[in-house]
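Chain and residue survey
Take a look at the letters that make up each chain.
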Amino acid sequence: AAAYYGLCASEIGRENYLHAIRYCGESLKVEPDDPDSHLLLSECYASLFSRDNRREYLLQARENLEATLRINPDIDGASGLQRKLKEITELLGIVH
């Protein structure tokens, strides 16, 4: 899982979000309850939404952010992640 996580993070650094999503998905196949992989996936989908306002990207960002906080409610920056989750939920109310 760590190797796929590293590849995911690397692809995010290059802004290759679709590749990153694939690697994070592979990481989660090995370790489904890894909050860090879910968090990276959330970042990927949020970044894709910023490029192309597709509701599906926002839904995936929310789903993975919720998973991160469910798995590890005390993760570093949890209060900021809660705020981000609230923002995503509000955006979903206006994005069709």
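Residues numbered from 1 in each chain as written. Predicted model: local features only at pLDDT ≥ 70, side-chain atom pairs only at ≥ 80, totals over all residues. Heavy atoms only, no water.

As for the nonpolar core
Nonpolar side chains in soluble globular proteins tend to end up buried together. Core analysis: the biggest nonpolar cluster contains 27 residues, and C8, I12 and Y45 have the highest contact counts within it. Elements that contribute at least two residues to this core include exactly α1 (2–13), α2 (17–30), α3 (35–51), α4 (55–71) and α5 (78–92). Among the elements that take part in this core, α3 stands out by supplying seven residues, more than any other. Contact partners of C8, with chain neighbours within four places excluded, come to A20, Y23, C24 and L40. (Core = buried A, V, L, I, M, F, W, Y, C linked by side-chain atoms within 4.5 Å. Buried < 20%, exposed > 50% of the residue type's maximum accessible area, 1.4 Å probe, protein only. Helix = DSSP H or I, 4+ residues; strand = E, 2+ residues; numbered from the N terminus. Contact = heavy atoms within 4.5 Å.)

Description of a nonpolar patch on the surface
On the surface, a nonpolar cluster with roughly 250 Å² of combined accessible area is contributed by Y4, L7 and V30. One can find L7 in helix α1. (Patch = residues over 30% accessible without salt bridge, like charges linked within 9 Å, V, L, I, M, F, W, Y side chains within 5 Å. Areas by Shrake-Rupley, 256 points an atom, 1.4 Å probe, with all protein chains shown as cover. Salt bridge = Lys/Arg side-chain N within 4 Å of Asp/Glu carboxyl O.)

Describing the side chain of T68
Along the polypeptide, T68 turns up in helix α4. In terms of polar contacts, T68 uses its side chain to reach the backbone carbonyl oxygen of P35, at 3.3 Å. Within the structure, the side chain of T68 is placed 3.1 Å from the backbone nitrogen of L39, a separation counted as a polar contact. (Polar contact = N/O pair within 3.5 Å; in protein donor to acceptor, adjacent residues only side chain to side chain.)

A few points about α4
For α4, spanning 17 residues, the distance from its first C-alpha to its last is 24 Å, which sits close to the expected 24 Å at 1.5 Å a residue. If you check which residues of α4 are buried, you get Y57, L58, Q60, A61, N64, L65, A67, T68 and L69. (Expected span 1.5 Å × (residues − 1).)

As for the state of the cysteines
All told, the structure shown has one disulfide when counted by the stated rule. Between C8 and C24 runs a disulfide, and the two sulfur atoms are separated by 1.9 Å. One quick way to see it: the torsion about the S-S bond of C8 and C24 is about -80°, and its sign makes the bridge left-handed. With C8 in helix α1 and C24 in helix α2, this pair connects stretches of sequence that are 16 residues apart. In terms of burial, C8 and C24 fall into one category: buried. Here C44 stays unpaired: no disulfide links it, and the sulfur of C8, its closest cysteine neighbor, is 4.7 Å away. (Disulfide = S-S within 2.5 Å.)

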